[in-house]
Amino acid sequence: MLLSLNWLGDFVTITDKIEDFCRKMTFSGSKVESFECLAEDIRDVVVGKVEKISTHPDAQKLVVCQVDIGSSHNVQIVTGATNLFEGAIVPVAVDGACLPGDVKIKSRKFRGVESNGMLCSLGELGLNHAFFPTASADGILIIEDRCEVGQDIRDALLLKDTVVDFEITSNRTDCLSVWGLAREAAATYGLKFNKPVAKFEFCPADNLKVEVARPDLCPHYMVKYISDVNFSFSPLWLRARLKAAGIRPISGLVDITNYVCIEIGQPLHVFDAGKVAGKIIVRTAKPNEKIVTLDGVVRELDDSMLVIADEEKALAIAGVMGGFESGVTEATRNVIFESANFNHVSVRQTANALGLRTESSQRFGKQMPFTCEDGLSRACELVKQLGIAVVDNSAVDVCAERRKPKHIKLDCSAINKILGTDLDRKQIVETLNRLDFDVTDDDDVVVPDFRLDIEINVDLAEEVARIKDYNEIQSVPLSGVYGVAPERQQQFEDRVVELVVAAGFHEVLTYTMVSPKHFNRLCLPPDAPERDFVAIKNPLGEETSIMRTTTLPSMLEALALNHRQKNEKVLLFDLGCDYIKSEFDDENGKRLVDERQMLTIGAYGNDCDFYSIKAVLVNLLGCLGISGHEFAKTPDLAYVHPGRTATISVEGCVLGFVGELHPTVAKNYDLPKGTLVARLNMRDMFGLSTSKVYTPIPRYPAVLRDIAVICDVSMPAAEIEKTIRDVAKDMLVLLRLFDVYTGDQIPDDKKSVAYELHFQSKVRTLKDEEVDKLMVKIIRALEDKRITLR
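None of these values were measured; they are calculated from a predicted model.

Student: What am I meant to see in the overall build of the chain here?
Tutor: A tally of helices and strands in the chain yields 20 helices and 40 strands. For 790 residues, the compact-globule estimate of 2.2 N^0.38 gives 28 Å, and the C-alpha radius of gyration of the chain, at 38 Å, exceeds that figure by more than 25%. Buried positions account for 47% of the 790 residues belonging to the chain. A sequence separation of at least 24 residues applies to 69% of the contacts in the chain between residues at least 6 apart. Of the roughly 41300 Å² of accessible surface on the chain, 49% is carried by carbon and sulfur atoms. Computed over 93 positive and 117 negative side-chain charges, the separation of the two mean positions in the chain equals 3 Å.

In C-alpha cells:
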C-alpha cells in the first residue's frame, strides 16, 4: 500500500521526520517497507512566463525567448520548441539546475547567442502524458493550472511529496486505504483522526431497480444513477495523488473510482446506464455463460461465480472485473455507480479460476469492512466538486444483514499477565479509545466495525502492546507449565540434524514446488517414475508449477547458487519431502499424495570424495543405532555416475544412495565435476533406529590379526566383510579396511584388500590357538568365494 503523506495530511497532522514516522508506524504494527521523497532530483526549476519571442539571428530553427522568472530581470533562453507563444507559462531550469537522470543545466551559447537555462518538456521533468494529458507530445510543457511566476515547479505541479510503502497483512484490510493508515497514525501519535462527514444522505431511487438473488455472496449492494456526464480530465491535485499512489490517471469518472478506492478502501465500478437493460440482478452465472471483460478477453463462467447482470446479459464479474459491453466511453452521458461488499471466498475462488488478478479482486478477495455507503457518498461528493455530472440524493441500497458489533469482556489482569505489565484500567481504556474501541463502565468492549481481526481478549492485549510501544514493555522471563516432550520421531529428526551439522554441513530449506524442466536436466528417461508428478492447479508460474517428486533438483540448485558465488567448498543438507502419488484415493475419489521425508546431502570442493561422504553416512547410521548397513553397487540411476555410486541397505531395506553426480547432470546445473549427492529415506531410518544400550568396557584383552586377500577388481569390499563376519560372529568386535592395492605382483583383473581384525570375548581371555582356528575357517570361507590369501 503506497501512502502519500500529502494525502495523509487531510486526516491527521504529522510533523515528525519521515524516518521517525516510518519507525513509529512499524513498531505500532504497520510495517514500512520503504519510503521515497518524490521529485528530489529536480532542483532550481521554476515557473516562468514567456514575455517575448524573437528569431535567432543565425539559426532558422531556433528562437530566443525572454522569460520572466520572478526575479529583477528576465532570463534569455534559446530553444528549438515550436509550441511556444508569448504569455505561455512554462517550467524554466535556470543556470545550475538539476533534472532527473542527474542532468545539470549550464549557461551556454547557441550559434553565438547566450542561453541562460532551459525550457523543460514533460520528459525532461520525469513526467508522462497520463499526468498531463493535454500537454504537447514533443514540445515544451505549457502549464494551464493556476500558479505563480517564480514558484518552485515542484510546488506548482504538486510534485513534492513523500510516499511510504506499507506491507499490509491479510487480516488488516481496514489499512488498505488512506483512511485506515491515517487512523493508525493518529492512534500511534495520540492525535485526532479527522474523518470527513458524509455529505450525502441517500433516499430511495425511482429510476433504478435492483434484485440481489444471492445475498449470501453479496451482503450489501448500492447503486446510484448519475446523469449528464461531461467526459473530461481530472484536476491536477487529483492526478497528483493518484500518481503518488502508483495509479495512472485516465479520466474524471474513472479517476474518481480509483481515488475513492485508495482513500476509503471501497472499490467502485461504473456502468454505462444506456447499456443496462432493465433492472440490475446480482446472481451467479449460468452454466457456460460468457462475458467479454474490460481487457477484451472472452471468459467462460460457471455457476459458482457471482456476476452483476441486467435482464439480458452479464455486465460484470462481481468483485473482479467489469464487462467490456457495459463499460464507460467518451460517448457516455449517464452512468450507474456501484458500491458493494462481496463474499471474499467467492471472489478469491472466481479470480483464481479465471486467472484474473485485479486491484478489485485483491481487495474483495480479503474480508472487507462495510464501507459501501462511505465510498458512494465520497464518489458523489467528488463528482459534484469536479462538476462533471448532475448528482442528486437518490440511491438504491440493498443490505441483507448488517454486521452486528462484536463485544468482548475486558480483563485487565489477563492483559497485564500476557504482556508482563502493570497497567491500570484507565491506561488500558485510553489506549483502546485511541483505536476507536468503546469501553463501557462494566468493561464491555465494543469493537469498531472496521476491525474484523479482533475476536478475543488476547487481541485486545496485542492492541494495547503495539500502541504502548513494545520497546517500552519490560522483558520478563517466560513462565508456565512445560508442554509435552517432543515425540520420538521429532527427537529422531533433531538428532539427524545434530549429527549432520557436527560433520560440517549447513542446513538449507528449499521450495517444494518446482519446474518440470528439472526432469530433463536430471537426464531422466520419459518413463521415469519421477515424471509422474502432482501438478499445481493455479501456479504462480512455470517455475513453481508442480510438486517435486525428488528433492535432488532443489539441492542441486542450492549447490549451483553457491558455486556461482565462488564458494570453493560447500557441504549442504536438507530434510525435505518428495511428493509421490499414492496408490490410494480419499473419500471423494481423488488420488492421495504420499509425503516422503528424505535426508538429502550435497557437496563439492577440496577433500570431498565418495569415501568422505560415505564416512559421514556410516557415522550417522551408527550413531542412530542402525547396524548391519551395507553399501552395494547401485542399479543404473540416470543422474549419478554409474561406477561411483552405491546403494545403502539394511537387512534388505534400501535406505537410499550415495554417489558422484553424473557429469552431464553436473554440466546442466553448472556444477563442478565430482559433485557428490546422497539421499536417505527418513521414515525407513526411523523404523530401523534403536536406542543406545550401555556396554561396559571389556575386561579381557583383544587378539589382533591382519589378513590380505586377492579378489576380482569388481568385487565389493562389503561382500568380503560379510563373509568374514558370518564366520567370526560375535567374537569379531572390529573389522577395519586399511589397504586396497593394484599394480605390481597383482594380476590386472585383481586387487589386494587388507583388513585388521580384532577378536575379543566378554567372558574370558581368548587363546591364540582358538583365534588361529577361527582365521583358518575365515580363509576357507573366502576361498569358497574365489578370494585367496595373498
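What follows picks up the thread again.
Student: Can you help me understand the pattern of salt bridges in this one?
Tutor: Once the charged atoms of two side chains with opposite charge are near each other, the side chains can pair. Overall, the coordinates contain 38 salt bridges when judged by the stated rule. When the shortest N-O distance is used, the salt bridge between D10 and R241 registers 2.5 Å. Taken together, the positions of D10 in the loop between helix 1 (5-8) and helix 2 (18-27) and R241 in helix 5 (residues 236-244) put the pair 231 residues apart, joining distant regions of the chain. Owing to a relative accessible area of 15%, R241 belongs among the buried residues under this scheme. In this structure, a network of salt bridges that share partners links the residues R172, D174, E184, R451, D453, E463 and R466.

Student: What is the right way to look at the sheet that holds strand 30 (residues 546-547) in this model?
Tutor: Sheet strands pair by backbone hydrogen bonding; their relative direction is either parallel or antiparallel. Pairing within the open sheet is antiparallel, and its three strands lie in the order 28-30-29. Strand pairing shows two members of the sheet lacking a second neighbour, strand 28 (513-514) and strand 29 (534-535), which therefore form its edges. Both strand 29 and strand 30 contribute to a ladder of two bridges, which runs antiparallel. If you follow A535 over to strand 30, its bridge partner there is I546.

Student: What is the right way to look at the nonpolar core in this model?
Tutor: For soluble globular proteins, the rule of thumb is that nonpolar side chains tend to be buried together. With 52 residues, the main nonpolar core has F21, F166, I226, I256, F337 and V383 as its most contacted residues. Here this core takes seven residues from helix 9 (residues 372-386), the largest share from any one element. In this view, V383 contacts I226, I256, F337, I388, A389 and V391; residues no more than four positions away in its chain are not counted. Of all hydrophobic cores here, the second largest spans 37 residues; its members include F271, I308, A351 and V396.

Student: Teacher, can you tell me more about the side chain of S649 here?
Tutor: For S649, the position within the fold is in strand 34 (residues 640-650). Leave out the neighbours within four places in its chain, and S649 touches G628, H629, E630, V654 and L655.

Student: Please clarify how the sheet that holds strand 24 (residues 407-409) should be interpreted in this entry.
Tutor: Strands sit in the order 24-26-25 across an open sheet of three strands; the sheet is antiparallel. Strands at the two margins of the open sheet, each flanked by one partner only, are strand 24 and strand 25 (438-439). Bridging between strand 25 and strand 26 (residues 444-446) involves two bridges; their strand directions are antiparallel. For V439, the partnering residue across the bridge sits in strand 26 and is V445.

Student: Would you mind showing me how to read the packing of helix 2 against helix 4 (residues 178-189) here?
Tutor: In helix packing, the relevant descriptors are the interaxial angle and the interaxial distance, both defined with respect to the helix axes. Viewed as axis vectors pointing N to C, helix 2 and helix 4 meet at an angle of 95°, and their least axial separation amounts to 10 Å. One finds that helix 2 runs roughly perpendicular with respect to helix 4. On the side of helix 2, the interface is formed by D20, F21, K24 and M25, while helix 4 contributes L181, E184, A185, T188 and Y189.

Student: Where do I start with helix 7 (residues 344-354) in this structure?
Tutor: Note on helix geometry: an α-helix contains 3.6 residues per turn, so any two residues three or four positions apart are oriented the same way. Turning to helix 7, its buried residues are S346, V347, T350, A351 and L354. Down the axis of helix 7, the smallest arc covering the buried residues is 125°, so these residues share one side. Among the exposed residues of helix 7, those pointing more than 90 degrees away from its buried face are Q349 and A353. In this structure, the buried residues of helix 7 make contact with strand 18 (298-300), strand 19 (306-309), strand 20 (314-317) and helix 8 (359-364). The N-cap residue of helix 7 is N343: its side-chain oxygen and the backbone nitrogen of V345 are 3.0 Å apart. Trailing helix 7 by a residue or two, G355 shows a phi angle of about 65°, which is positive.

Student: Is there a simple way to think about helix 2 in this case?
Tutor: Looking only at helix 2, the buried set comprises I18, F21, C22 and M25. Along the long axis of helix 2, the arc covered by the buried residues comes to 95°, so they all point the same way. Buried-residue contacts for helix 2 involve helix 1, strand 2 (31-37), strand 11 (162-167) and helix 4.

Student: Is there a simple way to explain the pairing of strand 23 (residues 394-399) in this structure?
Tutor: In regular strands, side chains alternate between the two faces of the sheet. The pairing of strand 12 (residues 203-204) with strand 23 spans two bridges and is parallel. Considered in strand 23, the bridge of P204 is made with A395. With four bridges joining them, strand 14 (residues 220-226) and strand 23 adopt antiparallel strand pairing. Looking at the pairing, V223 lines up with V396 of strand 23.

Student: Help me understand the packing of aromatic side chains, please; the structure alone is not making it clear to me.
Tutor: Where two aromatic rings form a pair, the distance of their centres and the angle of their planes describe that pair. Throughout the structure, instances matching the rule amount to ten aromatic pairs. Both rings, one in F131 and one in F132, keep their centres 5.1 Å apart while their planes meet at 85°; by these two values the pair is edge-to-face. The same class applies to F131 and to F132, which are both buried. Aromatic rings pair up to connect W7, W237 and Y259 into one cluster. Lying over the aromatic face of F131, R239 brings its terminal NZ or CZ to 6.0 Å of the ring centre. In this structure, K614 is placed above the aromatic ring of F631, and the distance from its NZ or CZ to the ring centre is 4.8 Å.

Thresholds applied
- Residues numbered from 1 in each chain as written.
- Predicted model: local features only at pLDDT ≥ 70, side-chain atom pairs only at ≥ 80, totals over all residues.
- Heavy atoms only, no water.
- Helix = DSSP H or I, 4+ residues; strand = E, 2+ residues; numbered from the N terminus.
- Rg over C-alpha atoms; globule rule 2.2 N^0.38 Å.
- Buried < 20%, exposed > 50% of the residue type's maximum accessible area, 1.4 Å probe, protein only.
- Contact = heavy atoms within 4.5 Å.
- Areas by Shrake-Rupley, 256 points an atom, 1.4 Å probe, with all protein chains shown as cover.
- Lys, Arg positive; Asp, Glu negative; His and termini not counted.
- Charge placed at Lys NZ, Arg CZ, Asp CG, Glu CD.
- Salt bridge = Lys/Arg side-chain N within 4 Å of Asp/Glu carboxyl O.
- Pairing = 2+ DSSP bridges.
- Core = buried A, V, L, I, M, F, W, Y, C linked by side-chain atoms within 4.5 Å.
- Axes fitted to C-alpha atoms, helices over the stretch in contact; angles between N-to-C directions.
- Parallel < 35°, antiparallel > 145°, perpendicular 65-115°, else oblique.
- Arc of directions from axis to C-beta.
- Polar contact = N/O pair within 3.5 Å; in protein donor to acceptor, adjacent residues only side chain to side chain.
- Phe/Tyr/Trp six-rings, centres within 6.5 Å; stacked < 30°, edge-to-face > 60°.
- Lys NZ or Arg CZ within 6 Å of the ring centre and 35° of its normal.

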